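Here are the chains, one letter per residue:
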Amino acid sequence: MVDVLYIAGLIAFFALMVGFVRLCERVVGKDDAIDVDLADDGADAGDGAPATDRPDATSTTKTPEEVTS
């Protein structure tokens, strides 16, 4: 009996969270990033640009040893 109550409580919790997210989307509005097609990111365009957003090796970020007090 405790198992049934636990599973019912778990299902009720997730149902409450789904309802909460839907309520928030209704109040705030849906996220624009959901409608973006992520498969077409231009990585295969062949324009010579790297496929990652990582900075290049000439970054000006200093390590803690390089920073002087």
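As shown above, the structure is provided for reference.
Predicted model only: the values in this text are computed from it and were never measured.

### A closer look at the overall build of the protein
Next up, step 1: From N to C terminus, the protein includes 1 helix and 0 strands.
Next up, step 2: Expressed as a percentage of the 69 residues in the protein, the buried residues total 0%.

### As for the packing of aromatic side chains
Next up, step 1: What the rule picks out here adds up to 1 aromatic pair.
Next up, step 2: Centroid distance F13 to F14: 5.5 Å. Interplanar angle 75°. Geometry classified as edge-to-face.
Next up, step 3: Among the residues examined, F13 registers a relative accessible area of 44% and is labelled partly exposed.

### Regarding helix α1 (residues 2-28)
Next up, step 1: With 27 residues, α1 extends 39 Å between its outermost C-alpha atoms, agreeing within 8% with the 39 Å of an ideal straight helix rising 1.5 Å per residue.
Next up, step 2: In the stretch just after α1, G29 is the one whose phi turns positive, near 110°.

### Comments concerning a nonpolar patch on the surface
Next up, step 1: Taken together, the side chains of Y6, I7, L10, I11, F13, F14, L16 and M17 present a nonpolar region at the surface, about 850 Å² in accessible area.
Next up, step 2: Within the secondary structure layout, M17 lies in helix α1.
Next up, step 3: For M17, a relative accessible area of 32% gives the class partly exposed.

The rules we used
- Residues numbered from 1 in each chain as written.
- Predicted model: local features only at pLDDT ≥ 70, side-chain atom pairs only at ≥ 80, totals over all residues.
- Heavy atoms only, no water.
- Helix = DSSP H or I, 4+ residues; strand = E, 2+ residues; numbered from the N terminus.
- Buried < 20%, exposed > 50% of the residue type's maximum accessible area, 1.4 Å probe, protein only.
- Phe/Tyr/Trp six-rings, centres within 6.5 Å; stacked < 30°, edge-to-face > 60°.
- Expected span 1.5 Å × (residues − 1).
- Patch = residues over 30% accessible without salt bridge, like charges linked within 9 Å, V, L, I, M, F, W, Y side chains within 5 Å.
- Areas by Shrake-Rupley, 256 points an atom, 1.4 Å probe, with all protein chains shown as cover.
- Salt bridge = Lys/Arg side-chain N within 4 Å of Asp/Glu carboxyl O.

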